[in-house]
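Residues per chain are reported as follows:
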Amino acid sequence: VHFLHIIRRKQKMLKQILKPNGEYNIGISKLDITDNFRNRLIPLQIYFPLSKGEHVPFDKLYETRSGNKFPQLETQVFAKPCDISEMSEYYPLVIFNHGNNGLMTDYAIILEEIVSHGFIVITIQHQLGLDKELPEYHSGRSISKHANVIDNILCVFDWLKNHNILSKHCDTSKICLIGHSMGGNALLMLMSRISGQFREGGDAMLSNSTYVKECVIFLDGEYEVPTSSNIPILFCLSEERKHYHEQSGVLKLLNKLGYKYIHYPGSKHISFMDHAYVHADNNLYFSGDFDKRTEFYINLRRNTLDFIHKHLEINYEKAK
C-alpha cells in the first residue's frame, strides 16, 4: 500500500506544469461577458499578480463549454482561484488567443510565467460547443472564423476599460497581444485591417498613437506577413513547419522586413499548448524526450518575456 502511495504521488507531481520563475504569486478568476450586438457569450479567464512569495500548486480551472477536440489535461497549475478584487497594483496587459479547436485554459505554462513577472493576462474562449456547425467551404479559405476572433478581442478590450476593477489595474497604454495558430492569424488580420486608420487617444490596441507601446507574439500558424505595420512582432515557429516556411517564401519575407523569428527544435504546431509537457510520453505533441520538451518551454518563456519587456519598455530582472 505504501509503495502504491509513492507511485501515485510521483504521478501527481509529474502532472504539475512547469513552475513560474517570477516573484509574484498568481491569481486566476473566470468571468463571462456578452457581446450584446452579436448576442454572443465570451468566456474569459483572468490571470493577475498577487503578493510576492513561493509558488505552490493548485487544481486547474477548466473551460467546459467549448467544442474543443483536445483531451482535458489532468494536471495542477500555479494559479490560485480567487477574486480579481485581490489585485492591489497597476500592471501592463496581455491578451491571449487560443488555437483552433483549443481551450483558453491550455496555455498555463506560458501565461503563468508572464503573470509572475507583473502582468495581467486575459485569455478568451473564442469557440463554444453551441456554435453552429460550419459549412464545407469554411475550412481553409474562409475568414469568418478569424473575424469572430477579432470581434471577440475588440469587444473584450472595450469591456475591460469600463470594468470597475480591471480598469483601475490594467495599463491599457502597454499591451501585448499573443495568439496561437488561429488566434495568431486573427491578430495579423486585425493589424492589417487597422494599420491605415487614423486614430487618436491614449489607449493601446494597435493604434497609431505615440503615447502607447504595443507588440504582438505569433505562435506558429499559416499567415500573411504584415508589410506595412510598425508594431513589433515576434514569430515563434515550430520546427515541424520550417520546411514549409522556407519553401513558401515566408522566411525570405520575414528576413526582408526585419521581423524576429525563432524555430524551436523538436516542436510541432501543437507544442505551444500545455499538452506537450504534461503528456511527455506522447510524441504527438513534441519530437523529443522530457528534457528537450522542458528546454523548449524554458526558451519559449524566456523569449516571450524578453520581447514583451523590450517593446513595452519595462525594466525587469531576467529569470534564470
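Because the structure is a prediction, the values reported are computed rather than measured.

Visitor: Before we move on, can you summarise the overall build of the chain with the specific residues and values?
Guide: Looking only at helices and strands, one finds 9 helices and 11 strands in the chain. Expressed as a percentage of the 320 residues in the chain, the buried residues total 52%. The long-range fraction of contacts in the chain, counting pairs at least 24 apart against all pairs at least 6 apart in sequence, stands at 72%. Of the roughly 15,800 Å² of accessible surface on the chain, 50% is carried by carbon and sulfur atoms.

Visitor: Can you lay out the pattern of salt bridges for me, pointing to particular residues and giving the numbers?
Guide: Enumeration according to the criterion identifies 11 salt bridges in this entry. In this structure, K161 and D158 form a salt bridge, with 3.6 Å as the shortest nitrogen-oxygen distance. In this pair, K161 and D158 both sit in helix α3 (residues 144-161), 3 residues apart, roughly one turn of the helix. By relative accessible area, which is 31% here, K161 ends up partly exposed. On the basis of relative accessible area, D158 is assigned to the partly exposed category, the value being 44%. One network of salt bridges, with partners in common, ties together K30, D32, E63 and R65.

Visitor: Explain the packing of helix α2 (residues 108-115) against helix α9 (residues 290-311) to me, and be specific about the residues and the numbers.
Guide: The interhelical angle for the contact between α2 and α9, taken along N-to-C directions, is 40°, at an axis separation of 10 Å. Of the possible angle classes, the one that applies to α2 and α9 is oblique. Note that α2 runs across α9; the crossing there is right-handed. Only Y297, L300, R301, L305 and I308 of α9 make contact with α2, whose side of the interface consists of I109, I110, E113 and I114. Among the residues making up the contact of α2 with α9, the classes are represented as 7 nonpolar, no polar and 2 charged.

Visitor: Describe the sheet that holds strand β7 (residues 120-124), naming the residues involved and giving the relevant values.
Guide: If you walk across this open sheet you meet the 9 strands as β5-β1-β2-β7-β6-β8-β9-β10-β11, and the pairing is mixed. At either margin of the open sheet sits one strand with a lone partner, and together these are β5 (79-81) and β11 (260-264). Strand-to-strand twist of the sheet, defined as the mean angle between neighbouring strand axes without regard to direction, takes the value 25°. One ladder, built from 11 bridges, connects strand β1 (residues 24-35) with strand β2 (residues 40-52); its direction is antiparallel. Each bridged residue has a counterpart across the sheet, and for S29 the counterpart in β2 is I46. Of the strands in this sheet, β1, β2, β6 (91-97), β7 and β8 (170-180) touch α3, which is tilted by about 55° from β2. Sitting on the sheet, α9 touches β8, β9 (213-219), β10 (233-238) and β11, and the angle it makes with β9 is about 160°.

Visitor: Can you tell me about the pairing of β8, naming the residues and giving the values?
Guide: Burial analysis of β8 places 9 of its 11 residues in the buried class, the great majority of the element. Relative to β8, β6 runs parallel, the two sharing 7 bridges. Paired with P92 across the two strands is D171, which belongs to β8.

Visitor: Give me the lowdown on the side chain of S181, citing residues and values where you can.
Guide: Positionally, S181 belongs in the loop between β8 and α5 (182-194). Every residue in contact with S181, bar those within four places of it in the chain, is listed here: G99, F218, L219, D220, G221 and H269.

Visitor: Quick one: what's the story with empty space enclosed by the protein, residue by residue and with numbers?
Guide: Here the structure, examined in full by the defined rule, presents 1 cavity of 30 Å³ or more. Reported here for the largest cavity is a volume of approximately 40 Å³. Contributing to the lining of the largest cavity are I28, Q45, Y47, K60, L61, V77, A79, T105, A108 and E112. If you list the elements that add at least two residues to the lining of the largest cavity, you get β2 and α2.

Visitor: Give me the lowdown on the packing of aromatic side chains, citing residues and values where you can.
Guide: We describe a pair of aromatic rings using the distance from one ring centre to the other and the angle between the two ring planes. Tallied over the entire structure, the rule returns 11 aromatic pairs. Between Y277 and F290, the aromatic rings sit 5.1 Å apart at their centres with planes inclined by 40°, giving tilted as the arrangement. Taken as a pair, Y277 in helix α8 (residues 275-278) and F290 in helix α9 lie far apart in primary sequence, 13 residues in all. Judged by relative accessible area, Y277 falls into the buried class, the value being 9%. The exposure class assigned to F290 is partly exposed, which follows from its relative accessible area of 32%. Note on F286 and F296: the rings are 5.6 Å apart at their centroids and 40° apart in plane angle, and the pair reads as tilted. Of this pair, F286 sits in the loop between α8 and α9 while F296 sits in helix α9; the two residues are 10 residues apart in sequence, bridging distant segments of the chain. The same class applies to F286 and to F296, which are both buried. A network of ring pairs unites the aromatic residues Y264, F272, Y277, F286, F290, F296 and Y297 as a single cluster.

Reading the values: the criteria
Residues numbered from 1 in each chain as written. Predicted model: local features only at pLDDT ≥ 70, side-chain atom pairs only at ≥ 80, totals over all residues. Heavy atoms only, no water. Helix = DSSP H or I, 4+ residues; strand = E, 2+ residues; numbered from the N terminus. Buried < 20%, exposed > 50% of the residue type's maximum accessible area, 1.4 Å probe, protein only. Contact = heavy atoms within 4.5 Å. Areas by Shrake-Rupley, 256 points an atom, 1.4 Å probe, with all protein chains shown as cover. Salt bridge = Lys/Arg side-chain N within 4 Å of Asp/Glu carboxyl O. Axes fitted to C-alpha atoms, helices over the stretch in contact; angles between N-to-C directions. Parallel < 35°, antiparallel > 145°, perpendicular 65-115°, else oblique. Left-handed = near helix turned anticlockwise from the far one by under 90°. Nonpolar A, V, L, I, M, F, W, Y, C, P; charged D, E, K, R; others polar. Pairing = 2+ DSSP bridges. 1 Å grid on protein atoms, 1.4 Å probe; cavity = no way out; pocket = protein on both sides within 12 Å on 5 of 7 lines; lining within 4 Å. Points joined across faces, edges and corners; volume = space filled by probe spheres on them. Phe/Tyr/Trp six-rings, centres within 6.5 Å; stacked < 30°, edge-to-face > 60°.

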